[in-house]
Structures are given as C-alpha cells and as structure tokens.
Amino acid sequence: MRVPLSWLREYVDLPATETGRDVQAKLISVGLEVETVEQLGDGLKGPLVVGKVLTIEELTEFKKPIRFCTVDVGQANGTGEPQEIVCGARNFAVGDKVVVVLPGAVLPGGFAIAARKTYGKTSHGMICSGDELGMGDDGSHGIIVLPPEHEVGTDAIELLQLVDEVLDIAVTPDRGYALSIRGVARETATAYGLPLRDPALLDVPGPNAFGYPVQVADPMGCDRFTARTVTGLDPEARSPLWLTRRLQKAGMRPISLAVDITNYVMLELGQPLHAYDRSRVQGPIGVRRATQGEKLTTLDGVTRTLDAEDLVITDDRGPIGLAGVMGGANTEIDDTENTTTEVVVEAAHFDALSISRTARRHKLASEASKRFERGVDPQAASAAAQRTVDLLVLLAGGTADAGVTEVIAPSAPHTIAIPANHPDKVAGVDYGRETVVRRLQEVGCDVYGQDELIVTVPSWRPDLTDPNDLAEEVIRLEGYENLPSTLPKPPAGRGLTDRQRLHRRVGRALAGAGYVEAPNYPFVGEHVFDQFGLAADDPNRKVVKLVNPLSDEEPALRTTLLPGLLGALRRNDGRGSHDLALFETGLVFHPREELKIAVRLPVDRRPTDEEIASLTEALPLQPRHAAVVLTGAREQAGWWGKGRPSDWADAVESARVIAREAGTELIVRGGQYGPWHPGRCAELAVVVEGVEQVIGYAGELHPGVLKTLGLPARTSAMELDLDVLESASSGVPKGPKISTFPVATQDVALVVDAPVPHADVEAALREGAGELLESIRLFDVYDNAAQLGEGKKSLAYALRFRAPDRTLTVDEASAARDAAVALAAERTGAVLRG
C-alpha cells in the first residue's frame, strides 16, 4: 500500500516538522511494515510553469518528426516573450496548455535544463511529459496536456503536487484495514496520540423502496449490498489534477472519471466499489453462485469458464461480474466513446474465503480481491457509496438519485471475553487494567467490565478473534521495544530420543565411509514407480497425495528415498562429477488403511496424550529410511596403486555400516526387487522378537532402469528401514573391549555349490565356532571349474579366536575351527578345500 504523506495529513494533524522518515518510524513501532519512504520530486528545482502553445512549425528535414514551438509562459521567463522550444512529441496542438521547464531548472535525477541548439534551432527549455517529472504512469505516454482553465505562468510544481513523500507499506494478511488511507491514518493517529478525522463518518440516507432493485440469493457469500444511482453525468468530464495525482502517487493509473472516483474511494476508505453503466444493465442486479460452466468476459477481455463455487453478479442476461474480483465487459463504462450518463454504484461486502478462492482459481488478482480476502469493513459500504455519489455529483455534474438500496444479512457484533490481566501474563509486563482498556479503545473496541472485560471488536478488524489477539494489540501499541529481555526458564530436557541418536550416528558413519549427504524434497510423481519396474500391487505405489502440490509433476509424498537421490546423482554426473557416493536419511510416507480427520489441538494448554495420539493416527505412517547411491570410482588410482570402481558389494557394505551403528546383526542374502539387477541384488533382513523381517535391498541397479532414468552404467544403490532396524537392536551399541591376550587366526577354504549364499555359510561358521570366535571375514571367492568341478565355488574365510581370560592354545583354536567347518558342512554341504 502506497500512502502519500500529503493525503495522510488530511485525516491526522501531524506536526509540520514531521517527515516521512519520522512517520515511518512511528508506524513501524506499532507493527506496520513500512518498507521504504519515496521522496517524490527530490532534487526538483523550478522554474516549472504552465504554458500555452502559440505556434507549431513542423521540421521535416530530419529522420524523425520534430516540432519547433513557441509557448506563452507569461512573466515566468522574465520578458513575457514567447518561449522557443524544440519538441519531438505529437500529442498536443496549438492552444493546448502544457507544462514547460525553463533554463536554470533541474528535473528529478539531477537533469539540469539550459538553452541548447538542436535540429538547427535553439531550444529555450522543454515541454514536459509525466515520466520526465516523475509523475508515474498516466496512460498517455506523452506530453502533459492540462485542462484549459489553468492560467499561463502558474507554478506547475505546486499545481501538479510534484513534491511529496510516499510511504510504501507491506500489508500482512491479518491487517487488511491498512490497505486504505483510513486504516493507516488510524494507526498514525494512535502512534502520535492525535485525534483522527474519520473519512467514513458521512451522513448517509437510509434505504428506501426507490433504489435500484437488488436480489441477493447467497447471503453467506454477500452479507451486505448497497446500490446508489447517479444520473445526468457529463460524459466529457475528466478527472481533476488533484484526483489523478493522488491515484498516481498511490500506484494506480487514471482511466476515466467514474472509474477514477471508485478507485479513489477504495484507496481512501478500503471499500472496493464498482460502477455499472446503467444503460447496459438489464433488469435487477443479483448475487448468486455461478452455474458450472457458465461463461463471463471480464474487463481484461478474457472469457472465463466459471466454477460452481464462484460468486457472481448478474442481471437478466446472466453473469455481469465476478463478485469482489473484477467486473464484466458487458456493463463496462466506456471511456472511449464517452456515452455514459447514468451509473449504478455497487458497494458490497463479500465472504473473504470465497473471494480468495475465486481469485486464485482464475489467476485473477485485483486490487478489490486483495482487500476482500484480507477483510473489509462491512460497515463502510454505505459511506463508500455515499462518498462516490458525492464525487460524481461534484466532478461530473451528476444528480444523485433519491433511491437507496441496501440488502443486509443480520449479524451480531463479535465480542470476546478476556481477563483484564491477560495481556500482562502474555507479555510478562504489568500494564494494568487502565492501560489495557485505553489501548483496546484506541484500536476501536468497546470495552466493558472490571476484572473480566467484555470486548466488542470493531467491524474493520475481523482478525481479532480471541483473547491472545487482543493481548497482541495491547503489546504492540505499548511498544514491542519496551518488553523486557528475560531468559526463559525451561524445564530440564530429556536429551535426544533413541531414534534421534541412531539417526545421527548413521549420518556420521556414512559420512565417515566416504558418502556425501544429499537431502531432497519429499515429493515424487507416480510415473517413477513405472520407471523402477515396481509391480502393480507393490505397497510403495500407494502414495499420499498433496492437495496443493508445489509441482503438478510431483503431486505425492515419497514412499522411497531413491528417486530423489538418483535425481541428485544424475544432475551431478551431468555437471562433470562422475565419481559419486551420496546418502540421505529421512522420512517416507505411507497412507493408513483407515482415513481419520485430525483433531484441532488447543493452544491454551498442553494437549493430552489421547489428543496427541488421535492426531498421530490421522497422519500417514512416516518410517525413517536410509539410502545410498554410488557410481564411478570408489577408490581413486594414483601413484599408490590402481583404483577400483564402485559395485554392488559397496552398496551392501553401506548397509552393514548402518547395522553396526544400530548394534544389530544384519542378514544378507540374494534377492530380487524393483529397480535392482536380479543377479546382483541382496535382500537385507533382521530378526525382531524372533521374527525375521526384510528391511531393504542393496546392489547394482538394473541396466534398463539406468537407461530409462539417464544414469551412468554400473550404478549401485541401497535402501533400508531405519525404524525396523532400530527395533531389532539391543540398544546403544557397546564399544569394543581391548583384550590383553593375543588373537589366534585360522583360515579355512570351503567348496560349496555355486548357488549357496555366502551369508548361509558364514552364519553356520559363526554358530559352530562358539563364543571363542571374535570375528569372521570372507577374503576370497574362487570359481575355477577345472579344479573345483562344475557348479562349484570356493569361499575362503579368516576366523579370529580369542578368550577373554587366557591365551588360547593351538588345540583350542583348531577345535573351534573344526567345529565351525563341521556345522557348515552339515547345513550347506561345504567341503574343506584340500
């Protein structure tokens, strides 16, 4: 909202010495966001006067049309002789009154004016346009042509109000009243402790039966509709300079007198208005919901298909306007043919939510919708209509019709009960009852009561709905800067939960293993599941869809971390980083079988455990996952030796790293799922309360998936469920014990059938070796058919034995190894390689 300081002074008697910066500081202190103070006419210096064009000589010998003019500027040039001026503009003629800047003047921006020779003539000054004077857009884009009544030689700086200060206020959604000079003036008066001359305090005639007929079919969408008629308008009347200049300073472009007046009153009082050409309205004006599929051509020339939720203004033909948003072209006041002599003025109050949804549905934000969706004073409609009628009579020579139409849905004023000391408790400051009552009255509230106050909220403050809103008003008017700085005294915390600790340990462990964290947005498109090759009945295809997604291509919440991670890998690979190891830990989302509506939690107390549980049950399931993706070199080559590329084994090892942080034994076996290569995919499982659960997969991705997603060849990935992994753990993992006794190492090489998984062999060796086994490691896989036989492979393990209380003998270590080999042979058919 742009507020000219000269306009603001009409309603508040500010001290003459107060500048825009001073007012800015005061308004900021009461909670308005005044972003800038624009100095209009900064650096402007006269003489700048009204001149009359006497002669125009067309200079045709140049590439562009040039005119040599003589202009009467009276005694402003000191001689009274006509001023000779060269000008390239063509929107003025002999006899027109124009704005002339004479030599010695300085225009905004430090542009000094002097006599100079150009196009073979000497130009003693310049005929000015609005842009050159910093006046803003007036729609003409040319020389300023003044009304003929202005005297030659008149000071144009004062006439055009070129010197002023304009406050630019960023109005927050809860302060819709500040989208008007009236609202800002009220805050200014409060900040300075001065009286307010309310422009809405007008004598308004009561409704009668002679007004223009109006039928409101939806009183919930429109609870107040005022209609007034003005006849006998002069179609040639133009907006006076003071009106156009105020509109320009406020950031609006002058259009025509009737439209300019409605815009002016909207800026002044905050009430959007609309003026209809009465000759183009057929039958009574109505307000109703649109019929699905109805058409309306709005003032911007666009034909719109209406929705059944849209609130529309109608006549006998159908919709003639989108209520509270934009009028229709079929009742527009024609400013080109100048034929409008009778207008019907509409001042209505519409439902804020309905207007907001209509404006967004049609992508049609307007000055009117911006105000209605933030809340407009319903009591100002009659005053705004009267103010519009008065200006039309004054400036257009019209006659106010005696008929007054007002359709009002009955409603009671909003009242709030609040303890007198409630603001004291909220702010931690002892304001006292008198201060609380005085500040609420300054806001416009009616206050009654002693210890318990009954507060009637003013009609222009729909944002005041509960005691905390009233407390905020008291605090902001008393000054946020006056609140004492006190350190909070929170109760002792309980520290991080086990889930949070595991999350942090996993992140640190993966980072230590060479992975880089790459968080992603939790949104996916369902087409990615087809790219991953998931089965039609796969649980991951059941997604939670967003009502208002950031992107139509990704309207759902993710059920897996891989789409985001693989997208990050693809982007980095495309930018030249080919050796990548990325990880992410985060939530995935699965819909519940039964949809429940979330309860609204209270704000005046801590929610009960039952309320929190009810809220949790209404939310989707949100398990925490961990995932990694790898491509390129896992170990770089250099003088130290050869490097090696990442492969499926690295993805599996990342899962083991996570399992170690959880203190959980991870079961790894061959598997097949979705995007992974069938022959290079490991299924990851844990035992939870005696039941084995699959928690994820790791390995190399399928070549078809890589091609579809545009990923490098041999890309590997892993994803597992951290929450299930945590439930399988025995708590925080314990640090290793340092033994003073030496280790006994025994190596064994076992020949097994090729399909036998290494995990089964390792599990058998671990169980057979007993408690003396400290660790086991697979260090070689050999599959020579000539030496081992067809369909055989050799697995070589290093077994480390150690006793906590003594040094093991060779016989003890050998016995433990033999027991391990025997159990492996029994379970997997393994044969000790000779």
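One can find the structure itself at the top, above this paragraph.
Note that the structure is a prediction, hence the values are computed from the model and not measured.

Engineer: Is there a simple way to explain the overall build of the protein in this structure?
Structural biologist: Tallying secondary structure elements over the protein gives 22 helices and 42 strands in all. Principal-axis analysis of the C-alpha atoms places the extent of the protein at approximately 125 × 80 × 60 Å. Considering the protein as a whole, with its 834 residues, one finds that 47% of them fall into the buried category. Across the protein, every contact between residues at least 6 apart in sequence was considered, and the portion connecting residues at least 24 apart equals 70%. Here the protein contributes 87 positive and 119 negative side-chain charges, whose respective centroids are spaced 5 Å apart.

Engineer: Is there a simple way to explain the packing of aromatic side chains in this structure?
Structural biologist: Aromatic rings considered in pairs are described by the distance between their centres and by the relative angle of their planes. All chains considered together, the criterion is met by nine aromatic pairs. Seen from their ring centres, Tyr521 and Phe523 are 6.3 Å apart, and the 15 degrees between their planes marks the pair as stacked. Linked through ring pairs, Trp7, Trp242 and Tyr264 together constitute an aromatic cluster. Its end group placed over the ring of Phe68, Lys121 keeps NZ or CZ at 4.9 Å from the ring centre. A cation over an aromatic ring shows up here: Arg634 above the ring of Tyr515, its NZ or CZ 4.8 Å from the ring centre.

Engineer: Could you clarify how one ought to interpret unusual backbone geometry in this entry?
Structural biologist: What you tend to see is this: most non-glycine residues have negative phi, and most peptide bonds are trans. In the Ramachandran plot, Tyr119 falls in the positive-phi region, its phi being about 55 degrees despite a non-glycine side chain. Although it is not a glycine, Gln161 sits at a positive phi angle of roughly 50 degrees. The topology assignment puts Gln161 in the loop between helix H3 (156-159) and strand S13 (164-170).

Engineer: Sorry if this is basic, but what is going on with helix H20 (residues 758-769) here?
Structural biologist: The α-helix winds at 3.6 residues per turn, so residues separated by three or four positions along the chain end up facing the same way. With twelve residues, H20 should cover 16 Å at 1.5 Å per step; its first-to-last C-alpha distance of 16 Å lies within 8% of that length. For H20, the complete set of buried residues consists of Ala759, Val761, Glu762, Ala764, Leu765, Gly768 and Ala769. Buried residues along H20 sit in contact with strand S35 (667-670), strand S39 (744-753), strand S40 (773-782), strand S41 (792-801) and helix H22 (810-828). Once H20 finishes, Gly770 follows within two positions and takes phi at roughly 80 degrees, a positive value.

Engineer: Where do I start with the environment of Ser29 in this structure?
Structural biologist: Mapped onto the elements of the fold, Ser29 is located in helix H2 (residues 20-29). Residues Ser29 and Val376, 347 residues apart in the sequence, show an inter-C-alpha distance of 24 Å. Each residue touching Ser29, except ones within four places of it in the same chain, is listed here: Arg476, Gly479 and Glu481.

Engineer: Would you mind showing me how to read the pattern of salt bridges here?
Structural biologist: Two side chains bearing opposite charge may form a pair once their charged atoms approach each other closely. Applying the stated criterion across every chain yields a total of 55 salt bridges. If you follow the salt bridges from partner to partner, you end up with Arg175, Glu187, Arg461, Asp463, Glu473 and Arg476 in one network.

Basis of the calculations
Residues numbered from 1 in each chain as written. Predicted model: local features only at pLDDT ≥ 70, side-chain atom pairs only at ≥ 80, totals over all residues. Heavy atoms only, no water. Helix = DSSP H or I, 4+ residues; strand = E, 2+ residues; numbered from the N terminus. Buried < 20%, exposed > 50% of the residue type's maximum accessible area, 1.4 Å probe, protein only. Contact = heavy atoms within 4.5 Å. Lys, Arg positive; Asp, Glu negative; His and termini not counted. Charge placed at Lys NZ, Arg CZ, Asp CG, Glu CD. Phe/Tyr/Trp six-rings, centres within 6.5 Å; stacked < 30°, edge-to-face > 60°. Lys NZ or Arg CZ within 6 Å of the ring centre and 35° of its normal. Expected span 1.5 Å × (residues − 1). Salt bridge = Lys/Arg side-chain N within 4 Å of Asp/Glu carboxyl O.

By themselves, these are just geometric observations and shouldn't be taken as functional.
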